[in-house]
Structures are given as C-alpha cells and as structure tokens.
Amino acid sequence: MQSFHKKYKRFFINKLQSFFQLRFCHSLVPSLLRATKNSSTLFTQPIATFLFIALLAITFSACQKVIDVGLNTAEKRYVIEAVITDQPNSCKVLLTQTRNFDENNVFNGVTGASITISDNSAVPVTLTETSSGVYEAASLKGIPGHTYNLTTVVAGHTFTATSKMPALVPFDSLYISERTFFDKTNKYATLSYKDPAGRGNAYRYIQYVNGIKEKTVFVRDDDLTDGRAIERILFFFTDDEEEEEKKKLKTGDIVTVEMLSIDYPIYKYWYSLSQSSTGENQSATPGNPVNNIQGGALGYFSAHTSQSKTIVVP
Amino acid sequence: MRSILLFVFFTLPTILLAQEKYAVSGTITSAKTGETLIGASVRISGSTIGTTSNEYGFYSLSLPKGSYTIEVSAIGLQLKQQPIQLNQHIVLNVSLTEETRELETVVVKTTGRRSITNPQMGMERLTMAETKNIPMLFGERDVLKTIQLLPGIKSAGEGSSGFYVRGGAADQNLILLDEATVYNASHLLGFFSTFNSDAIKDVTVYKGGMPAQYGGRLSSVLDIRMNEGNNQEYDVSGGIGLISTKLNVEGPIQKGKSSFLASGRRTYVDMFLKLSKDSALNKNQLYFYDLNTKLNYQLGKKDRLFLSGYFGRDKLGVGETFALQWGNGTGTVRWNHIFSSKLFSNTSFIYSNYDYKITIRSGSNDFDIFSQIRDVNLKQEFQWFAGSRNTVRFGVNAIYHTIRPGEITASSASYINTSNRQRRYSMENAIYASNTFKASDKVNLTYGARITAFSVLGKGDYYAIDTAGNVTDTFSYKRGEIVKTYVNVEPRIALSYVFNPTVSIKASYVRNAQNLHLVSNSTTGSPTDKWVASTNIIKPEVSDQVSLGWYRNLAQNKYELTVEAYYKTMQNQVDYRTGANVFINSDAIESQLLFGKGRAYGVEWLLRKQTGKLSGWLSYTLSKTERKIDGINNNNWYNARQDRTHDIAIVGSYQMNPKWTFSANWIYYTGDAVTFPAGKYRVDNQVIFYYTERNGYRMPTYHRLDLGATWQLKKRKKYTSELAFSLYNAYGRENAYTIAFRESKEDPQKTEAVRTALFKYIPSVSYNFKF
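Residues numbered from 1 in each chain as written. Chains lettered and ligands numbered in written order. Predicted model: local features only at pLDDT ≥ 70, side-chain atom pairs only at ≥ 80, totals over all residues. Heavy atoms only, no water.

Take the overall build of chain B next. The number of helices and strands found in chain B is six helices and 51 strands. Counting over 771 residues, chain B shows a buried share of 61%. Once local pairs closer than 6 in sequence are excluded, the contacts in chain B between residues at least 24 apart make up 64%. (Helix = DSSP H or I, 4+ residues; strand = E, 2+ residues; numbered from the N terminus. Buried < 20%, exposed > 50% of the residue type's maximum accessible area, 1.4 Å probe, protein only. Contact = heavy atoms within 4.5 Å.)

See below:
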C-alpha cells in the first residue's frame, strides 16, 4: 500500500506541478497539492479504502528507473560564480568549468585567472587567488546603490559582467508557520518584510537547517506584491517520503534564513535556473539560465545585500 | 463582398452552359433515430454521377430529364435504392435503416467511405459507431484519442487527448463543436477530452486541403457535430465506468419533426474522498463534468432550427486553501433554410467561452486569478448546387474576440496587489467562396479562396519592443480604435484525376492564417496556457501546404488504400523566451516571446477495411518537422518536440458472434525530440545542467498494445446492455513519460538519468445500457 502512495504521488504531483507554472505559486501550489499523496492512508472505512486503492493501483502505477541515455560530451565552458555583498570581506569569485555528465561531481577550480572588480567605475581592484579557483578581494565591501563591474581574463578569454547592488530592504522577522495539507501539518520558515514602493525589487532567500542548505531556489520579485507587507513562507517540495521525513522542520531544529535583495537580472537568472536547468521533471523546455555575463561564460555576477536571522523551531 | 461577386461571375459561364436539367434534392436521415446523416453517398445506379450529403444531411443532384435509380448509402447503414422519374425538380427525402448484424456478413455492396472522385484530400471522417470498440485508457471512449490513431495525427504524449497534425503545434488545430470553437479541449490533466462521445454524431478532421469555409488555424480542422436527438422515440442510454458515469436522454418533441438531447458525464474520483470522515480530506475536489444539450425543430418543409449547447468544467480543490477550475461553454443557434432545390442556406450565431479561475486562501495568500477568452461569432453560408458540374459554397463570417489575459483580485488581508491585465479586443472577418467543378469524367477541381481581415482593436496600450524584449515605446488606443489590420488571402485549390472508379490521384494547395496563438511554457499543455491575439508585434501565423495523394479502393470497396505526401511551411511561429515569466504583471506579453518559422513534410499511408466481421485500419506516417526561432538553438533549425520519424497504428476489431466483439490496437512511434544536458557545472554548491542544443536527443521509442472486448448481455424487452473490458498497455511496456537528471541518491558524486513511466497494464471495465 505504501508503494501505491508513492507512485500516485509521483505521478500526480509531477503532472500537477507542470500545471502550475504561475510564478507566484511556484513554491506554494505544489506544496499545497503535494499532500494529495497521503490521501489513501486516511481512509477509515474499509470499502472506500478498497475502492480508492484499487483505483490508484491501476491508475497511477508510475514507476521510475535509473537508465543510461548515452549523452554526448561538449566542449568545456567556464563557470563564474561571483558575488559582492554589503558585508565585509564578501567579494568572492569561484571559477570552474563544466564537466561531462558521466564524470563525477568534482568541479576543480581554474587557477591563474586575472579577475578585477570596480565600484562605480572607480579604479579596478584585482582579486587574489586564495585557493585553487577561489578569488577574493578582502578589503572590499559593497555599497547599496553602487554598480560593480567584473572582468575575468582566463586563458585568452575575457568575460565581463555588471551588477547593481539594490537598496537594502530590512528583514523584519523570521518565524515558523504551520500549514496543514490533508492530514499533515508541517512547519515552515516564514519571513516578513515590507517591500518598498516601486516595482523592480527582487529577493532571494536561502534556508539552512542545522547548517545544511536547502537546495530549493527561493526567489521572488515584487511584480504582484509591490509596496506590500510581505509574509513569505518558504515552502519546499521533496519527491519522496523518506526525504520529506528527513527534511521537514522538527522541534529543536536551528533554522537560518539569509535574505538577499538582488538585482533584477539576477532574479531572472535564478528564476530561469529553477525553471529550466535543474534537470528535474519539468514541463518547460530545459535550457541554460539567462545570465548577466558577457563573453560566453556560465554562472552569474550578483551584487546584493545580505541579512540573516536564526530561529529554533518551537 | 465584391470579390464574392467577382467569383460568382467567374463561375457563371460554366453554369450557363448546362443543358436542361432538373434537380433531385432532399435530406438523408437514419430511419431509427431520425438523425440527419452527414456525408452519406447519393449516386445514380450504374454511373459515376453522385454526390454526398452536407453537414445537415441535405443533398442536391442535377440531372438531365429521364428516369434513374438513386442509390443512397452510408457507413453502417443499409444501402437503399429508389427509382425516380425526373421531369421536374423533385424532393426525395431518404431514411436509411441500420445494417443488422446478420446482414453484415452478406452485404458486400457498399460505397467507399471516401469519394474517389471528390478532390477533397487530407480528410478523415469517423462516426461514433466505428470508434465504439477501440480500447482506450480507463475504458473512456474519446474522439481525440481515436483520431490520433490516424496517419498524420500524433498524440501529445502518453494518455493525452492533445494532438499534433502534420508537424503543427497543438494550438494550430481548430476544434469545433457544432461550429463553436473549443479553446481547451482537455479535462483532468489532459487525460480526457471535453467531448462526451455519447453526444457526438460525426467527427471530420482535415489535415490538409481545408475547404474555404474553415479558417483561423494552421494545421487542421476538427469538425465535431453533436447528435440532434432521436425524433422517433425516447431513448435513455448510459454507462458506468471506472472513471465516469454517463447518461444520455433523447427523444421527440413532436415525432418526426423535432427532438431534444441531453447528455451528461461526470467523473467521480473525488466521491471516494467524500466518503472519508476526515474533514480535511472530504473537502477536496477533483472532478470534471460535461453537459451537452441540443434541440432541433423542423419549421415547415424548408426550415430547420437547431439550438445546441455545451458546458464543461474541471474542478480541482485542496480543502479551502486552493482551487482551480476551468472549462468551456459554447452555444450555437443555427437556421437551415432551403431556398430552392439548388440553394441551401445556413445561418449560425455562435458563442464560445473558455475561462479558468484559481483561488488561493491561505493566510496572507488570499486572492483569485481569472482569465478568459470569449467569442461572439456570426456566420452566413450558402451552398448552391448550381448544376451537375458545379457546387458553389460561399459565405461570410465575423467573430469578435475578447481576451482577458489575467485578473487578480486580492482581499485586503492579502499581500498580493489587485491588478488587471488590459483586456484585448479583436475582430476577425472573413469572406470565402469555392466551387467544386466537375470538368470531365476524369477531372474534378475545387477552387476557391478565403480572405480574412483581422483587426486588433482598442482600448489598450500597444508597444514597441527591442531585441532583448524591453519595452521601448507605448502607444495608447481608444475604445474601438483600430491598432492594426492584417489581411490574408488564402487560396484553396484541389484537383482530382480519376483513372477508373477505384483509382484516383489528387493534389492540393492550401494557405491558412492564424491570428490567435496559444503561448505555452509547458510541453503537455495546461489549463493556464494563454491565448494571445495578434498585435502590432505578433504577426499572423501563415502556413502553405501542398499535398499529393493516391487513392485506391480494393476488393469491391471493402478496402481503401490511401497514400498522401505533404510539404508545409509555417511563418511567424511563436515561442517563449528561456525563463519567461508566464504570468507577467505587464500588458506587453511580447516581451516574453520569440518568433520564427517552421517546416514539415511527410508521407502517410492508410489501409482500411470497413466492412465484415474484421474491420480496422493500418496507418503509417513517415515525417519530419522542424523549427527555426530567432534566439533559440543559435538560430539554427531544430527538430520540433513532436517530430517523430515513424508513427504506426494498427487498429482492429473482430466481431466473433452477436455476443462478443474483440478489438486491439498497437501503436509504435519514434520518441519525441527532447533536450538533454551536454554537461554539468556547479552553482551555489549544487549541480546544474548545461545545455548546448534544443531537442537534440530522442526519448526512447514508444510502443504499446491495447486489448478490448465487448460482451453484449441478454436483451430484455427494450433494455439492452453490454460490458466493455479493456486492457491498456497489455504487455506492460514501460514507456518513458519523462527523463529527469539528478544527483545520484546513492552516490552524490555522480549524476544519473531517471526515467518515469506512467501507465503499465491498466485494466478497466464499464457497463453500458440503453432502453
């Protein structure tokens, strides 16, 4: 019976997810619907249970299998992950390269690049390579409202990027909310803040539970919520029960949420990445995220403000 | 109007040349139900002279004075012969009786389903009776899934009611229910179509060579006609299946003159939920329903009035926190008038609506989203049976479209702002005329044109957009002001050359223009996909298709063999940009779009046996379809997702005895063209996939076998019933529904591909009754 739930859920949820490509729903809706998977456990009347299970068993017997699809290899491309925040010692660039699908997930840093950053067209500062493929400008601290230019020169290639650090939007509070879907009540980290008037504000939230980062990309703009007091619940979605049990917030867990005010092109980057580059069952055609680096490198350059709050789950 | 006159003038000489002739005309109906028969064959015994009945069962045949024997036949009905003495115009209404099962084995003489002589090509017609035994997913008969078994028509995916015709996109199919456009023909995640087969009489699909009376979509026309209702006696029929229950009631209002029909269907997965005592659970909703109604009145001998309506809705709700509902509603009023034995007129007033509404009530997430497309449509058509050589069809059509792209209504407690996208208005006008001209015994020609004028109307803001998709200028228009008018001339030409009564070749050229575009970010289709009208930036999509075909009837018309080849080009195709915001808070939808072109070509084979104990068909399509969109795949040509090189369907049903009928389908096709990663990289400590080309890979080959059996139960007086069994995917092939890529759960240092298969052995049973 347990496996029926799983099959039903996988089938149903994936399908439903693809139905709700509405941006502001993209974390909310699947979570709301996710709960459908638990339906059959709830039946108390034997007849109803029997009928329902019978129906599900034959209807939604989706099955998953790891297969070999024989992917081609591609020419390597550079990947730049560059950030500068309003915190001290925050300017950091990771330079790596793509790997073939069949290779392992060890992405070695690319050494020997020359990377410079400039603040509002001031004289560029050169980043120093602190470890293999990691470049930092220790003295630098970003200032909201300033525009930063990043230039990376590696093995004859030049990549440039520009990002403007938005004004800081105060992260008012972090608390835990409960939401009930079907029989299950789960706890979720919730942020509150006031979106400033005028469209174009965008945010990214990063959640850590007991120091482990949640992989879900939480990213929002203010297109539909401009100027409002926002209550943002960080719903996340897992695709099997075991994982869910492991990931859901439990009493005593230490939850840290980092809230970033991001530049709009960076919002586009994270949004398109979550839509089309994570390799999951998605309805949208897969593709590379829309990025802000000129010259053909993957990755992004983000100048953002950063604030963190930590809470113990009650 | 001027061009119609010109056109008529152009055809006149051939008509005036005709000698003294009289017309025999009338309506062909089924004796049992009084339903008019579409496409019934009317011919003169012992000659090649003949015609077919039109969409309202009307026919007219002009002949020189003399005596003849008229032969009338239709699929599944007994051929009827009637001698006539033609020395004046006469009216001959014919009703055909059903072929009895006993007779079926002896009746050899039958006319082919397809006219060898008619230049019309790229057309398939199905009656509901023929689709009855085809096994289907969950045992739910479905016309949209049935047509997918025909060559050139491809399924949008496992279990899907969506379809692609000759390389076109899903939104390039004009789906009509009693002439009303159905904008979203799917229910429940796309697994079912909105067409309740109990209410349907006839389905005609045009893959190419569309007649001039149809327009507005590039790839196909699916013309679905509802039953009119039995005008002879009351009939109640229904079925109880795994997924849904159906009930159909019809009968005469005035015997032989007028009738009504009401047909409903509802699914009941959620009924099981309701049985639960758990209040959190029994508030959930997951169902759909359809309601078809029709009334028809015979107003004297020359007039007939039809009123038909359809309403269907899907509801999906999770407790009180979330709900999504969507559905179509259509209404058609039609008035047939026979001006003379040679002039038939139909006037239609049509209303069509599709909308969806999302409701979210979860704390400060408290809002509704509403979106709608609505048409008001007026059509006037004349069919002029000008002589034995000419049949002229001409008409005008005006549609007023109103699109409400998205309206958000939020409560004051909500952090979402109430906001409305601007409504979009447009007027689609068309005039058309065509003539089917019998040039000689060997050569038939249909020529005509459709001229459409699509006007984008105010009130609203329209934009100028740069290549990156940014708005550079805004133009405001007042209410009713014309933003832009697109005029398209669409020639429709078809020719047939008859070698002998059983062999012919045909050729055709057709141009189609499309001004309503469905922009969809999903590959499966979703109720929230957006219909967008052409604007100053979005140009009308235009397709040109040439096709060539060879037709042969074998073994006294028992078998039909068809081979058709086509080449089609498509301009101004629309696609989303990567990472497009599907629901943007801007009226400039164009900022999310990319434009390009497409091409498709292929060859289709169909061998069909339509009589006898064993009937069915074998279809094979060899095809290619590609796109070239500015901004996708480095602006190079790439395979469209639905590009499937080989596509085979074998459909058979065998009537063993009056009690048992067995059936089977086997489907095989090349996997869809899909985009798989070329590599991977790390961002923010997680693996992200890297893509180099669009649709450069293939899903694994798809194939499956479905089995079905129908057991006719004992008749009790008027009560007949049957049990229908089916087994979908009988050999349990795990066809890939999706292939996803992820970090391996066992070894996070690795990445793996995961295939998800949906349906493996799905048995179902349903009980159908009639009294």
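Per the secondary structure count, chain A includes five helices and 18 strands. Looking at the 314 residues of chain A, the share that counts as buried comes to 57%. Entry remark: accessible area of chain A is about 12200 Å², with carbon and sulfur atoms responsible for 53%. (Areas by Shrake-Rupley, 256 points an atom, 1.4 Å probe, with all protein chains shown as cover.)

Residue and element names in this part refer to chain B. With respect to topology, four strands assemble into an open sheet ordered β3-β2-β5-β6, the strand pairing being antiparallel. Looking at strand neighbours, the two that pair on one side only are β3 (50-52) and β6 (80-86), the edges of this open sheet. Pairwise comparison of adjacent strand axes, ignoring direction, gives a mean angle of 20 degrees for this sheet. Sheet analysis places strand β2 (residues 41-44) next to strand β5 (residues 66-73), joined by four bridges and oriented antiparallel. Looking across to β5, one finds that R43 is bridged to E71. (Pairing = 2+ DSSP bridges. Axes fitted to C-alpha atoms, helices over the stretch in contact; angles between N-to-C directions.)

Residue and element names in this part refer to chain B. This structure, assessed with the given rule, holds 44 salt bridges over all chains. Residue R334 pairs with E179 through a salt bridge whose shortest N-O separation is 3.4 Å. Residue R334 is found in strand β23 (residues 322-340), and its partner E179 is found in the loop between β12 (173-177) and β13 (180-181); the two are separated by 155 residues along the sequence. Accessibility classification places R334 together with E179 in one group, the buried group. D355 is the salt-bridge partner of R313, the closest N and O atoms lying 2.6 Å from each other. Linking R313 in strand β22 (residues 303-318) with D355 in strand β24 (residues 343-362), this pair joins segments that are 42 residues apart in sequence. As far as the burial class goes, R313 and D355 line up, both buried. (Salt bridge = Lys/Arg side-chain N within 4 Å of Asp/Glu carboxyl O.)

Right, let's talk about unusual backbone geometry for a bit. Residues and elements named next belong to chain B. The peptide bond linking G458 to K459 adopts the cis configuration, its omega dihedral lying at 10 degrees. With respect to the secondary-structure elements, K459 resides in the loop between β29 (443-457) and β30 (460-465). A positive phi is found at R166, a non-glycine position, where the angle reads about 45 degrees. Tracing the backbone through its elements, the reader meets R166 in the loop between β11 (163-165) and β12. Judged by its relative accessible area of 1%, R166 falls in the buried class. The phi angle at D684 is positive, at roughly 55 degrees, despite the residue not being glycine. Relative to the elements of secondary structure, D684 occurs in the loop between β44 (679-683) and β45 (686-690). Using a relative accessible area of 18% as the deciding quantity, one classes D684 as buried.

This paragraph deals with the pairing of strand β41 (residues 646-655) of chain B. Residue and element names in this part refer to chain B. Side chains D647, A649, V651, S653 and Q655 of β41 all project onto a buried face; the interleaved residues H646, I648, I650, G652 and Y654 project onto a face where none is buried. One ladder, built from nine bridges, connects strand β39 (residues 614-629) with β41; its direction is antiparallel. Residue pairing across strands places S619 opposite A649, the latter belonging to β41. As judged from the nine bridges shared by β41 and strand β42 (residues 660-669), these two strands associate in the antiparallel manner. For G652, the partnering residue across the bridge sits in β42 and is A664.

This part takes up the sheet that holds strand β1 (residues 63-67) of chain A. As summarised here, the arrangement of the three strands in space is β1(A)-β50(B)-β49(B), forming an open sheet in which the pairing is antiparallel. Here the strands that pair on one side only, and so sit at the sheet edges, are β1 of chain A together with β49 (736-743) of chain B. Each adjacent strand pair in this sheet contributes to an overall mean axis angle of 30 degrees, direction not counted. The pairing of β49 of chain B with strand β50 (residues 751-757) of chain B spans seven bridges and is classified as antiparallel. Its bridge partner being in β50 of chain B, A740 of chain B is matched across the sheet by V754 of chain B.

Attention now goes to the pairing of strand β3 (residues 91-97) of chain A. All names here are of chain A. Across six bridges, strand β2 (residues 78-85) lies against β3 in antiparallel orientation. Residue E81 lies in a different strand from β3, and its bridge partner there is L94. In this structure, the hairpin formed by β2 and β3 is closed by a connection of five residues, where N89 is found at a positive phi of approximately 55 degrees. Across four bridges, the pairing between β3 and strand β7 (residues 134-137) is antiparallel. Of the residues in β7, the one forming a bridge with L94 is V134.

Moving on: the confidence of the model for chain B. Residue and element names in this part refer to chain B. In this model, chain B carries an average pLDDT of 87, and 92% of its residues clear a pLDDT of 70 or more. Here residues 12-18 scores under 50 on pLDDT; set against residues more than four positions off or in separate chains, the count is six contacts. Across residues 101-112, confidence stays below pLDDT 50; counting only partners more than four residues off in sequence or on other chains, it has 25 contacts. (pLDDT = per-residue confidence, 0-100.)

Before going further, it helps to examine the nonpolar core. Within the largest apolar cluster, 89 residues are counted, with the highest numbers of intra-cluster contacts made by Y205 and V257 of chain A together with I147, F195 and L222 of chain B. Examining the composition of this core, we find that four residues originate from one element, β24 of chain B, more than from any other. Aside from chain neighbours lying at most four places away, what touches V257 of chain A is F171, L174, A189, L191, Y205, I206, Q207, L234, Q307, S308 and K309 of chain A. Counting 25 residues, the second largest nonpolar core, distinct from the first, contains A82, M165, F301 and A303 of chain A. (Core = buried A, V, L, I, M, F, W, Y, C linked by side-chain atoms within 4.5 Å.)

Before going further, it helps to examine the packing of aromatic side chains. Residues and elements named next belong to chain B. Counting across every chain of the model gives 39 aromatic pairs over all chains. With centroids separated by 4.6 Å and ring planes inclined at 5 degrees, the aromatic side chains of Y669 and Y702 adopt a geometry described as stacked. Note that Y669 is positioned in strand β42 and Y702 in strand β47 (residues 702-712), a separation of 33 residues in sequence. With relative accessibility at 7%, the residue Y669 sits in the buried group. Taking the centre distance of 6.1 Å and the plane angle of 55 degrees together, the rings of F689 and F741 count as tilted. Taken together, the residues span a long stretch of sequence, with F689 in strand β45 and F741 in strand β49 at a distance of 52 residues. You'll find F689 and F741 in the same group, each marked buried. Positioned above the aromatic ring of F306, the side-chain terminus of R334 is 5.5 Å from the ring centre. Directly above the aromatic system of Y462 lies the positively charged group of R424, at a separation of 4.1 Å from the ring centroid. (Phe/Tyr/Trp six-rings, centres within 6.5 Å; stacked < 30°, edge-to-face > 60°. Lys NZ or Arg CZ within 6 Å of the ring centre and 35° of its normal.)

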